[in-house]
Structure formats: C-alpha cells, structure tokens
Amino acid sequence: MSRTRLIRRGVLPLLALALTAAAPAAAHQETRAAGESVPTRSGSPDSAVDRVADFYGTYIDVVQDRGRGDLTDGLREHYLTEKLRTELDAWERDHRADGVLRSREVPSSWRVTYDESAMGHTWTTVRLSWGDADQQRHTYLTVRSDLATKRISGIETGPAPADG
C-alpha cells in the first residue's frame, strides 16, 4: 500500500478523531447553580495562537494516551512545516527525546500565551508543567508560527516570562 493511501486510510481518520476530541467547547460561559463558573474553551482556526494551543493540547493527549506513532506523526504533518519536521528529526536523534516537548516525559499540563508578531510570524510562549500540583515545575518553549499558513515553523527552549 502506498504511503499516501496509508495516510488517507490510517492516519487521517485517527487525526480527525483526535482533533474532534480536542475541539474547543462552546465559546460562552455557563454558570452552575451556586454561581460557580464552568470551564470553557474556545478558539479559531484563523488564529495562529489558537492553532498552537490546539496542537499542543492534542499532541500531549495523544502522547499521554498512546505514545509516539502514526497519530503524532499525522499531527506533526498537519501543524508543522516540513522544514521544522526535518529539524525536529535531527534534534531528536541528538537528544533522544521528543523535540516538540523537548523532553523524554509527558507534561501534566500546558498553557499557550501570545508573545509578539512581526514580519509574517507570530511567537507564543508554551509553558509545560511537570509533576503533581504539590511539586510542580515548569519549562518554557518559544514557538514561531507563519501567519500566512498558521503552521508552526520553529520550536526553541525559552526563558520563563517575567509574569510567570
């Protein structure tokens, strides 16, 4: 079976399922009887920042549930530029770790924050949290996206932002 046919029959349905499972909830804020807010998520496929958040949320879920495989490869193909995928392959060979997460482990949570935009790119800060709530530590990534395609084109370890 050709690679293209394998992707269409095997990876793409799994990718669609993963994206559906990670799709944002309704954009409105619901309240409970006691006035307590119910967590909601929202996003837009037109926002490069939302796409970074969608990618990291889905990618971490898949790695946590299934490990690396066809589905993570499909997510990388969909969200990352070809050049970045090549760079990640080299980084992973050198470091024997996941280049998207810059780790051999899977984080317990993530947060994506807009940083800046210029010259056809936008940068976001991805905070990855490790460990349980009592002893949580954080690492930070600087993620560059191309505004024209909304695809992620760079991932680097980054400093903690001033506001944490």
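These figures come from a predicted structure and were not determined experimentally.

Caption draft 1: Just helix α2 (residues 48-66), in detail. If you check α2, its first and last C-alpha atoms are 26 Å apart, about what 19 residues at 1.5 Å a residue would give, namely 27 Å. Where α2 terminates, the next one or two residues include Gly67, which has phi positive at roughly 75°.

Caption draft 2: Fine view of the nonpolar core. Ranked by internal contacts, the top residues of the largest apolar core, which has 25 residues, are Phe55, Tyr56 and Val100. Put simply, the parts of the chain that give this core at least two residues each are α2, α3 (70-79), α4 (82-95), β2 (121-130), β3 (137-146) and β4 (152-158). When residues of this core are assigned to their parent elements, the largest contribution, nine residues, is made by α2. Contact partners of Val100, with chain neighbours within four places excluded, come to Phe55, Tyr56, Tyr59, Arg76, Leu80, Leu88, Glu92, Leu141 and Ile155.

Caption draft 3: Up close: the pairing of β4. Two strands pair when backbone bridges link them, and β3 and β4 are joined in this way by six bridges, in the antiparallel orientation. Residue pairing for β4: Arg144 is matched across the bridge by Gly154. Here β3 hands over to β4 after five residues, with Lys150 in that stretch at a positive phi of 65°.

Caption draft 4: Looking closely at the pattern of salt bridges. Tallying each qualifying case throughout the model produces six salt bridges. Across the salt bridge formed by Arg68 and Glu92, the nearest N and O atoms sit 3.5 Å from each other. Pair noted here: Arg68 is in the loop between α2 and α3 and Glu92 is in helix α4, with a separation of 24 residues, a long-range link. Its relative accessible area of 40% is what places Arg68 among the partly exposed residues. Salt-bridge contacts for Glu92 lead to Arg76; the nearest nitrogen and oxygen are separated by 2.5 Å. Of the two residues, Glu92 sits in helix α4 while Arg76 sits in helix α3, which places them 16 residues apart along the sequence. Residue Glu92 is classed as buried on the basis of its relative accessible area of 13%.

Caption draft 5: Quick peek at the environment of Lys83. Positionally, Lys83 belongs in helix α4. The exposure class assigned to Lys83 is exposed, which follows from its relative accessible area of 61%. The spacing of Lys83 and Gly154 is 71 residues in sequence and 8.9 Å in space, taken between C-alpha atoms.

Caption draft 6: The packing of aromatic side chains, seen in detail. Enumeration over the complete set of coordinates arrives at three aromatic pairs. Note on Phe55 and Tyr59: the rings are 5.2 Å apart at their centroids and 35° apart in plane angle, and the pair reads as tilted. Of the two residues, Phe55 and Tyr59 are both situated in helix α2; the distance of four residues between them amounts to about one turn of the helix. Judged by its relative accessible area of 0%, Phe55 is buried. Owing to a relative accessible area of 0%, Tyr59 belongs among the buried residues under this scheme.

Caption draft 7: Structural context of the packing of α2 against α3. Their axes nearest at 10 Å, the elements α2 and α3 cross at an angle of 170°. By the angle class used here, α2 and α3 are roughly antiparallel. Within the contact between the two elements, α2 uses Arg51, Asp54, Phe55, Thr58, Tyr59, Val62, Val63 and Arg66 and α3 uses Leu71, Thr72, Leu75, Arg76, His78 and Tyr79.

Calculation notes
Residues numbered from 1 in each chain as written. Predicted model: local features only at pLDDT ≥ 70, side-chain atom pairs only at ≥ 80, totals over all residues. Heavy atoms only, no water. Helix = DSSP H or I, 4+ residues; strand = E, 2+ residues; numbered from the N terminus. Expected span 1.5 Å × (residues − 1). Core = buried A, V, L, I, M, F, W, Y, C linked by side-chain atoms within 4.5 Å. Buried < 20%, exposed > 50% of the residue type's maximum accessible area, 1.4 Å probe, protein only. Contact = heavy atoms within 4.5 Å. Pairing = 2+ DSSP bridges. Salt bridge = Lys/Arg side-chain N within 4 Å of Asp/Glu carboxyl O. Phe/Tyr/Trp six-rings, centres within 6.5 Å; stacked < 30°, edge-to-face > 60°. Axes fitted to C-alpha atoms, helices over the stretch in contact; angles between N-to-C directions. Parallel < 35°, antiparallel > 145°, perpendicular 65-115°, else oblique.

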